[in-house]
Amino acid sequence: MSNGPHAKLAELGFDLPEVVPPVASYVPAVQSGQHVYVSGQLPIAEGKLLATGKVGAGISAEQAKDLAQRCALNALAAVDSLVGLENVVKVVKVTGFVASAPGFTGQPAVVNGASDLFGTVFGEAGRHARSAVGVAELPLDAPVEIELIVEVA
């Protein structure tokens, strides 16, 4: 499948990472019927959190957008390990949490890092419903966390 999701990721220069082990009592992803629910993914690469802190105070919105993209890659890895990316029919819902400094209101632009990746990888099937939420704190002091729901064949 030269135009499938793995090929699209490769075209973008991405290798699908290993599934990030949970940091508490949960699993990375669960299938229920035709949907896969991915637990919140942090911007972790090779076992390390890529950044800590608040967006708008120490973490720029552009840096946070890149971190959201890493969260999205981790979410795709969780889906792939459970059912295979080639079985994704539709990206249904993305929820992005942004650890925000007081006054920071650019959460939607940050979460675009994840949304844009899903759109590029899955085309029209990557268009989704979404929430972008500013929060005071995230696990491990991460600046961003992404949850994902996909429909599968």
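Residues numbered from 1 in each chain as written. Predicted model: local features only at pLDDT ≥ 70, side-chain atom pairs only at ≥ 80, totals over all residues. Heavy atoms only, no water.

Draft legend 1. Quick peek at the pairing of strand β9 (residues 144-152). Examined bridge by bridge, strand β2 (residues 35-41) and β9 share five bridges and lie antiparallel to one another. Residue pairing in the sheet places Tyr37 in a bridge with Ile149 of β9. Two elements, strand β7 (residues 88-99) and β9, share nine bridges in a ladder whose sense is antiparallel. Bridge assignment links Val91 to a residue of β9, and that residue is Val150. (Pairing = 2+ DSSP bridges. Helix = DSSP H or I, 4+ residues; strand = E, 2+ residues; numbered from the N terminus.)

Draft legend 2. A look at the packing of helix α2 (residues 61-82) against helix α3 (residues 107-122). With their axes 7 Å apart at the nearest point, α2 and α3 run at an angle of 45° to one another. Taken together, the axes of α2 and α3 are oblique relative to one another. Viewed along their axes, α2 and α3 form a crossing whose handedness is right-handed. Along the contact surface, α2 presents Ala61, Ala64, Lys65, Ala68, Gln69, Ala72, Leu73 and Leu76, while α3 presents Ala109, Val110, Val111, Asn112, Gly113, Ala114, Asp116, Leu117, Phe118 and Phe122. The residue makeup of the contact of α2 with α3, split by class, is 13 nonpolar, three polar and two charged. (Axes fitted to C-alpha atoms, helices over the stretch in contact; angles between N-to-C directions. Parallel < 35°, antiparallel > 145°, perpendicular 65-115°, else oblique. Left-handed = near helix turned anticlockwise from the far one by under 90°. Contact = heavy atoms within 4.5 Å. Nonpolar A, V, L, I, M, F, W, Y, C, P; charged D, E, K, R; others polar.)

Draft legend 3. Molecular detail of unusual backbone geometry. Even without glycine at this site, Glu46 takes up a positive phi of about 50°. In this structure, Glu46 sits in the loop between β3 (44-45) and β4 (48-49). Looking at Glu46, the relative accessible area reads 82%, which means it is exposed. Even without being a glycine, Asp141 presents a positive backbone phi close to 65°. Within the fold, Asp141 resides in the loop between β8 (129-135) and β9. (Buried < 20%, exposed > 50% of the residue type's maximum accessible area, 1.4 Å probe, protein only.)

Draft legend 4. Molecular detail of a nonpolar patch on the surface. On the surface, Val23, Tyr26 and Leu140 cluster together into a nonpolar patch covering about 270 Å² of accessible area. Take Leu140: it is sitting in the loop between β8 and β9. (Patch = residues over 30% accessible without salt bridge, like charges linked within 9 Å, V, L, I, M, F, W, Y side chains within 5 Å. Areas by Shrake-Rupley, 256 points an atom, 1.4 Å probe, with all protein chains shown as cover. Salt bridge = Lys/Arg side-chain N within 4 Å of Asp/Glu carboxyl O.)

Draft legend 5. Seen up close, the layout of surface pockets. Taken as a whole, the largest pocket holds about 160 Å³ of empty space. Forming the boundary of the largest pocket are Asp15, Pro17, Glu18, Val19, Val20, Pro21, Ile44, Ala45, Glu46, Gly47, Arg70 and Asn74. Among the secondary structure elements, those contributing two or more residues to the lining of the largest pocket are β3 and α2. (1 Å grid on protein atoms, 1.4 Å probe; cavity = no way out; pocket = protein on both sides within 12 Å on 5 of 7 lines; lining within 4 Å. Points joined across faces, edges and corners; volume = space filled by probe spheres on them.)

Draft legend 6. View of the side chain of Gln41. Relative to the elements of secondary structure, Gln41 occurs in strand β2. For Gln41, a relative accessible area of 5% translates into the label buried. Engagement of the side chain of Gln41 in a polar contact is seen with the backbone oxygen of Ser39, the distance being 3.1 Å. What Gln41 contacts, discounting residues up to four positions off in sequence, is Val20, Pro28, Cys71, Asn74, Ala75, Val144, Glu145 and Ile146. (Polar contact = N/O pair within 3.5 Å; in protein donor to acceptor, adjacent residues only side chain to side chain.)

Draft legend 7. Structural context of the pattern of salt bridges. The full count for this structure, using the stated rule, is four salt bridges. Measuring nitrogen to oxygen at the nearest pair gives 3.1 Å for the salt bridge that ties Lys54 to Glu137. In this pair, Lys54 sits in strand β5 (residues 54-55) while Glu137 sits in the loop between β8 and β9, placing the two residues 83 residues apart along the sequence. Under the relative-accessibility criterion, Lys54 is labelled buried at 19%.

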